[in-house]
Amino acid sequence: MLFKVFYQKNFNQVPVREFTEAMFVEGENEADVRKKLADRNFNIEFVTPVSGAYLEYEQQNEDFKVETI
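Residues numbered from 1 in each chain as written. Predicted model: local features only at pLDDT ≥ 70, side-chain atom pairs only at ≥ 80, totals over all residues. Heavy atoms only, no water.

> Please provide a residue-by-residue account of the side chain of Asn-43, values included.
Mapped onto the elements of the fold, Asn-43 is located in strand S3 (residues 43–50). Not counting the four nearest positions on each side in its chain, Asn-43 is found in contact with Phe-6, Tyr-7, Gln-8, Asn-10, Phe-11, Gln-13 and Pro-15. (Helix = DSSP H or I, 4+ residues; strand = E, 2+ residues; numbered from the N terminus. Contact = heavy atoms within 4.5 Å.)

In structure tokens form, the structure reads like this:
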């Protein structure tokens, strides 16, 4: 399953909406995705599954890529 992860690059800073970034990660469930990203020192704000029309929409973005972890 594919998940979209919203995160801040620096775990030690207070989250600021303007600095939120997103990436796509494959995983079994949300916990699996969080476990895969644990060593990256990100402040993960939100993890949401992506499928159907939402996935098709995201794939149209030229910056779309799935992180390999």
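Now that the structure has been shown, we can carry on.
> Please set out the nonpolar core residue by residue, giving values where relevant.
Among the nonpolar cores identified, the biggest contains 10 residues, and these are Phe-3, Val-5, Tyr-7, Met-23, Val-25, Val-33, Leu-37, Phe-42, Ile-44 and Val-47. In terms of residue count, the dominant contributor to this core is strand S1 (residues 2–8) (three residues). With residues near it in sequence (within four places) discarded, Met-23 still touches Phe-3, Lys-4, Val-5, Tyr-7, Leu-37, Arg-40, Phe-42 and Glu-67. (Core = buried A, V, L, I, M, F, W, Y, C linked by side-chain atoms within 4.5 Å. Buried < 20%, exposed > 50% of the residue type's maximum accessible area, 1.4 Å probe, protein only.)

> Just give me the short version of helix H1 (residues 30–37), but keep the residues and values in it.
Two residues of an α-helix separated by three or four positions point the same way, owing to the 3.6 residues in each turn. Residues of H1 that are buried: Asp-32, Val-33 and Leu-37. The arc that holds the buried residues of H1, viewed along the axis, is 130 degrees, so those residues lie on one side. Relative to its buried face, H1 has exposed residues pointing more than 90 degrees away, namely Ala-31 and Lys-35. Residues of H1 that are buried in the fold lie against S1, strand S2 (21–26) and S3. One side-chain oxygen of the residue at the start of H1 lies 3.2 Å from the amide nitrogen of Ala-31, identifying that residue as Asn-29. (Arc of directions from axis to C-beta. Polar contact = N/O pair within 3.5 Å; in protein donor to acceptor, adjacent residues only side chain to side chain.)

Function cannot be read off these values alone, since they describe shape.
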